[in-house]
Amino acid sequence: MTMAIWKVRRCEQQLVVGSASLRTALPTSRLTSLQTWPTTRLSYRLLMILAAIAAFFATAPRLYAGATVNVAKFVTPAEMRSGSLLLKGEGDRYVEAPLVATDADIVVSGPTTRGRITQIFHNPTDGWVEGIYVYPLAEGSAVDTLKMVIGERIVVADIENRKKARELYEQAKAAGQRTALMEQERPNIFTNSVANIGPHETVVVQIEYQEPVHQSGGVFTLRLPLVVAPRYNPTPLVQTVDLGGNGFGNVVDPVPDRDRIEPPVLDPRKHAPVNPVSITVRLNAGFVLGMVKSHHHDVAIEEVADNARVVKLADGPSPADRDFELTWTAASAAAPSVGLFREHVSDADYLLAFVTPPPVPQAEEKRPREVVFVIDNSGSMGGTSIMQAKASLIYALGRLKPTDRFNVIRFDDTYDVLFGDSVSATSSNVARAKTFVNALQARGGTEMVPPMKAALADRNGKEENTVRQVVFLTDGEVGNEQQLFDTISAMRGRSRIFMVGIGSAPNSFLMTRAAELGRGTFTHIGSVDQVEERMRTLFDKLESPAVTNLTATFSAGGADVTPIVLPDLYRGEPVALTARLAALSGTLEIKGLIGDRPWLVTLPLENAAQGSGLSKLWARRKIADAEVARTLRTITQEEADQRILTLALDHHLVSRLTSLVAVDKTPSRPDGEPLKLTELPLNLPAGWEFAKVFGERQQPLPSPATPQLQPGERRADADPARIQVAEAKRALPVLAPAPAPTAVTLPKTATDAELKMIAGSILLALSLILLVFNRRRSFVR
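For the rest of this paragraph, the subject is the overall build of the chain. Tallying secondary structure elements over the chain gives 15 helices and 38 strands in all. The burial tally for the chain puts 53% of its 781 residues in the buried class. Across the chain, the fraction of contacts at a sequence separation of at least 24, relative to all contacts at a separation of at least 6, is 75%. Carbon and sulfur atoms provide 55% of the accessible area of the chain, an area that totals close to 35000 Å².

Right under this line is the structure:
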């Protein structure tokens, strides 16, 4: 019986009860006289109706309260009449999963972006649930705001130590209060937990973050990750043991939080895509725009001004199964090569500077070169990813010069090295390598550490005049990132590591951190169409002299600069730094070597333009510096933790050690009502093959009415979540397309006063009718 039918029948029952109550309340003689008196029969019927209505309104609040307190409704697939995702319940029974939809509103202001992500959690069940949703953000995102919207009430989260935030969340959950918790699992993976979502209720969680715009070769890039791809989490077969001073210790798990980064994933062969997302980008580049392009989604682009565009998804909400990537260039032949921005917060000035070194005409690396190519052919690379990786490596082999030496390593949960040592790039050796690459098939696990060690094993380390480069092609979908970082820091020597991210949703945190530790770069190839263009750009960098020995000096002194050590640069890349200053005065001098030629630029700080969010970017980068320093063993774990905790609390940022928690003070779930824990499932990234990753395993069953998908068909409207996006956006009190709002609309409270006034009016009318009856009866007597 549906809730609507149930309420109608209860209304009918109240009418009957009201009539019976009135019959009992009136004396029999008076009731008989009323019924037999012809002139009052109509009034008598009206009296009965009014009494019934009054009785209904008097009990309506209790009816409404009772209607929302039910345990989860368990069903069988045959009982469902619409497309739904069902999660395993008791025995052969299932329960409908909560739905989530996402709206991304991103404002680009010159070199920075302000993102607002709104997640709509809808509970389609008759029970109380806790929803847990794992989702990605860009690895450089500085998350500083979380709001929970319930009806017209807004609860703003506080930043707390991670342990304390979890305790506050658990206490609120146990007390029946609506509460939300945001935790960082990796710099690019976050978890939102929302507890006590009532039956058929919608709770909105809104987060905001600051992020720098990436620039390289005159192209500016915004990348919005939309799905967390399944991770390969190796078991500790080769065990690391942590022994204490007393001789006792424990085996170290390479992925101690594996249970937190393994959300359920839907099989696209059996389920329509879920978690629809709508995206709006408000682009204000700060210069006259030329090309604006979305690489993986169809978009509608509105030209607002010469330097501004509004970009939206052309077909409305799209399933969250691939990253969104937007690039833009300047209208003129050359993009701006210098940028200088400032922001004053509290008692400090913050500065963001970027400078692109000039290209040296006909500059080419003249030293001998050794290149080791490593290609991932594990199961997660199945589908289009292995095609992209193979095409990229074939292109790279074709770019080798006869004077180069090279080798090829392939890996899954094992690895093979093509040649015993690096060989000359003769036509026969290159042909043999291409045959080896073309024969690769995607299968097995993703053990990245052994092939990385093999690639960094430098047998010719004494040849100091040789440039040694490692080109690593992978999707990076592993959970033991720290093991890989430790390997690179311990074995990198003179090698430089260039990470090539393959597929629709690569692990960008692993890519960027590995490239930083390896003094190289990260290149993302999201489709076969991008292979030639992006591999050509990468090889232009590999074949050109790096900009080395970079330093930044402030004439006024006293600057806290990040990154602490400026990285080497490659063709088209800018020097990018942020700094905290006591006063914005004097100059900034940046110098280095392009090949063997000196390069120097001086920037007057008084000419810096006004920026926003720079303090957040500075703090986020300082947190990353602490993590890198810990990996390089220049500071201890305790020192790194103390730096991270202080920075995150001072600047209100989510980090490895801090979380945002919001608690609605008003209890909602009645005592004794059960709370069901639900991990919201994710889509498999576009282009992946489910069987290659998971094998043939049973998944949560869809209802029989779930639409059957045709090959290549992508749908996000098989359930009500797509409609939830538009409806929730209209209802949200805070969704203006501006940077972080400074004011919050106060919530409106409500009681059942209007209902009681109506009931009182009806009872007053009833008393007047009774008064008239009494007077007429007295008159007749």
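Take the pattern of salt bridges next. What the rule picks out here adds up to 39 salt bridges. Close ionic contact of Arg 282 with Asp 105 constitutes a salt bridge, the shortest N to O distance being 2.9 Å. One end of the pair, Arg 282, is in strand β16 (residues 276-284); the other, Asp 105, is in strand β3 (residues 99-109), and 177 residues separate them in sequence. Under the relative-accessibility criterion, Asp 105 is labelled buried at 8%.

Spatial strand order, β12-β13-β21-β17: 4 strands in an open sheet with antiparallel pairing. In the strand order of this sheet, the two ends are held by β12 (214-216) and β17 (289-294), each with one partner. The sheet shows a mean angle of 20 degrees between the axes of neighbouring strands, taken without regard to direction. Pairing of β12 with strand β13 (residues 219-224), which is carried by 3 bridges, proceeds in the antiparallel orientation. Paired with His 214 across the two strands is Thr 221, which belongs to β13.

The element β16 is largely enclosed, with a buried count of 7 among its 9 residues. Inspection of the sheet shows β16 paired to strand β20 (residues 318-319) by 2 bridges, in the antiparallel sense. Its bridge partner being in β20, Pro 276 is matched across the sheet by Pro 319. Pairing of β16 with strand β19 (residues 308-313), which is carried by 5 bridges, proceeds in the antiparallel orientation. Within β19, the residue paired with Arg 282 across the bridge is Val 310.

In this description, a pair of aromatic rings is defined by centroid distance and the angle of the planes. For the structure on display, the rule yields 10 aromatic pairs. Arranged with centres 5.6 Å apart and planes meeting at 50 degrees, the rings of Phe 411 and Phe 472 form a pair that is tilted. Of this pair, Phe 411 sits in strand β25 (residues 405-411) while Phe 472 sits in strand β28 (residues 467-474); the two residues are 61 residues apart in sequence, bridging distant segments of the chain. A relative accessible area of 0% means that Phe 411 is categorised as buried. Residues Phe 485 and Phe 509 carry aromatic rings whose centres are separated by 5.5 Å and whose planes lie at 85 degrees to one another, so their mutual orientation is edge-to-face. With a gap of 24 residues between them, Phe 485 in helix α8 (residues 481-491) and Phe 509 in helix α9 (residues 508-517) connect regions that are remote in the sequence. Here Phe 485 and Phe 509 have matching classes, each one buried. Among the aromatic residues, ring-to-ring pairing joins Phe 121, Tyr 133, Tyr 135 and Phe 190 into one connected group. The ring of Phe 485 carries the charged tip of Arg 513 above its face, separated from the ring centre by 6.0 Å.

A few words now on α8. Of all the positions in α8, only Glu 481, Leu 484, Phe 485, Thr 487 and Ile 488 are classed as buried. Relative to the axis of α8, the buried residues are bounded by an arc of 160 degrees and lie together on one face. Against the buried residues of α8 lie β9 (177-186), α7 (449-456), β29 (495-502), α9 and α11 (614-631).

Among the secondary structure elements, Glu 160 is positioned in strand β8 (residues 158-161). With a relative accessible area of 17%, Glu 160 lands in the buried category. For the pair formed by Glu 160 and Val 661, sequence separation is 501 residues and the distance between their alpha carbons is 7.4 Å. Discounting residues that sit within four places of it in the chain, Glu 160 has contacts with Ala 165, Leu 168, Leu 649, Leu 657, Thr 658, Ser 659 and Val 661.

Counting residues in hydrophobic clusters, the biggest one holds 49 residues, and the most contacted among them are Leu 137, Leu 146, Met 182, Leu 224, Ile 279, Val 281 and Trp 328. Among all residues touching Met 182, those that are not within four sequence positions of it are Tyr 135, Leu 137, Val 143, Leu 146, Phe 190, Thr 191, Asn 192, Ile 207, Val 654, Ser 659 and Leu 660. Judged by nonpolar contacts, the second largest core, of 35 residues, contains Val 408, Val 430, Phe 498 and Val 531.

A few words on the sheet that holds strand β22 (residues 338-345). Taken in spatial order, the 5 strands line up as β32-β33-β23-β22-β36 in an open sheet, and their pairing is mixed. Both edges of this open sheet fall to β32 (560-562) and β36 (609-610), since each of them pairs with a single strand only. Note: β22 against β36, 2 bridges, orientation parallel. Across the sheet, the residue bridging to Arg 342 is Gln 610, located in β36.

On to α9. Of all 10 residues in α9, 8 are buried, a share of seventy percent or more. The set of residues buried in α9 consists of Ser 508, Phe 509, Leu 510, Met 511, Arg 513, Ala 514, Ala 515 and Leu 517. One or two steps after α9, the chain reaches Arg 519, where phi turns positive at roughly 55 degrees.

Within the secondary structure, Lys 390 is located in helix α5 (residues 384-398). For Lys 390, the contacting residues outside a window of four places in its chain are Ile 375, Val 437, Asn 438 and Leu 440.

Our focus in this paragraph is unusual backbone geometry. Along the chain, Thr 562 connects to Pro 563 via a cis peptide bond; the corresponding omega equals 0 degrees. Locating Pro 563 in the fold gives a position in the loop between β32 and β33 (575-581). The phi dihedral of His 200 is positive, around 60 degrees, even though this residue is not glycine. Residue position: His 200 is located in the loop between β10 (189-197) and β11 (202-212). Of the residues examined, His 200 reaches a relative accessible area of 42% and is grouped as partly exposed. Look at Arg 633: it is not a glycine, yet its phi comes out positive at around 65 degrees. When you line up the elements, Arg 633 lands in the loop between α11 and α12 (637-651).

Attention now goes to the confidence of the model for the chain. Summing up the model confidence of the chain, the mean pLDDT is 78 and the portion of residues at 70 or higher is 71%. Considering only residues more than four positions removed or in separate chains, one finds that residues 1-42, a stretch of pLDDT under 50, has 41 contacts.

It is worth spelling out the packing of α11 against α12 at this point. The contact between α11 and α12 brings their axes to 9 Å, and the two run at 170 degrees. Comparing their axes, α12 and α11 come out roughly antiparallel. Side by side, α11 and α12 meet where Ser 615, Lys 616, Trp 618, Ala 619, Lys 622, Ile 623, Ala 626, Glu 627 and Arg 630 of the first sit next to Gln 637, Ala 640, Arg 643, Ile 644, Leu 647, Ala 648 and His 651 of the second. Here the residues of the contact of α11 with α12 are counted per class, giving 8 nonpolar, 3 polar and 5 charged.

On to the packing of α9 against α11, then. Running from N to C, α9 and α11 point in directions that differ by 60 degrees, and their axes come no closer than 12 Å. Classified by the angle between their axes, α9 and α11 sit oblique to one another. The interaxial crossing formed by α9 with α11 has right-handed handedness. Facing α9, whose interface residues are Arg 513, Glu 516 and Leu 517, α11 presents Arg 621, Ala 624, Glu 627, Val 628 and Thr 631.

Cut-offs applied
Here the residue numbering is sequential within each chain, running from 1 through the sequence in written order. Since the coordinates come from a predicted model, pLDDT governs what is reported: local features require at least 70, and pairs of side-chain atoms require 80 or more to be given and counted, while whole-chain, interface and lining totals use all residues. The side-chain values count all of the structure's non-hydrogen atoms but skip hydrogen atoms and water molecules. Strands are runs of DSSP state E lasting at least two residues, helices are runs of H or I lasting at least four, and both sets are numbered from the N terminus onward. Throughout, exposure labels follow a simple rule: accessible area from a 1.4 Å probe, protein chains only, divided by the maximum for the residue type, with under 20% read as buried, over 50% as exposed, and the rest as partly exposed. Here a residue-residue contact requires only that any non-hydrogen atoms of the pair lie within 4.5 Å. Only the protein chains shown count as cover for residues, with accessible areas throughout obtained via the Shrake-Rupley method and a probe of 1.4 Å. Definition used for salt bridges: Asp or Glu carboxyl oxygen within 4 Å of a side-chain nitrogen of Lys or Arg. In this analysis, strands are considered paired if DSSP registers two or more bridges between them. Lines fitted to C-alpha atoms define the axes, with helix axes restricted to the stretch in contact, and inter-axis angles between N-to-C directions lie between 0 and 180 degrees. Geometry of aromatic contacts follows a simple scheme: Phe, Tyr and Trp rings, the Trp one being its six-membered ring, pair when their centres are within 6.5 Å, and the pair is stacked under 30 degrees between planes, edge-to-face over 60, tilted otherwise. Should the NZ of a Lys or the CZ of an Arg lie within 6 Å of a ring centre and within 35 degrees of the ring normal, that charge is described as sitting over the ring. In this description, the arc belongs to the directions extending from the helix axis to the C-beta atoms. The term nonpolar core refers to a set of buried residues drawn from Ala, Val, Leu, Ile, Met, Phe, Trp, Tyr and Cys, joined through side-chain atoms within 4.5 Å. Confidence scores here are pLDDT values: one per residue, from the predictor, ranging 0 to 100. Should an angle lie under 35 degrees it is considered roughly parallel, over 145 roughly antiparallel, and from 65 to 115 roughly perpendicular; all remaining angles are considered oblique. We call Asp, Glu, Lys and Arg charged. Ala, Val, Leu, Ile, Met, Phe, Trp, Tyr, Cys and Pro are nonpolar, and the rest, Gly among them, are polar. Left-handed is the label given to a crossing in which the near helix is rotated counterclockwise from the far helix by less than a right angle, and right-handed is the label when the rotation is clockwise.

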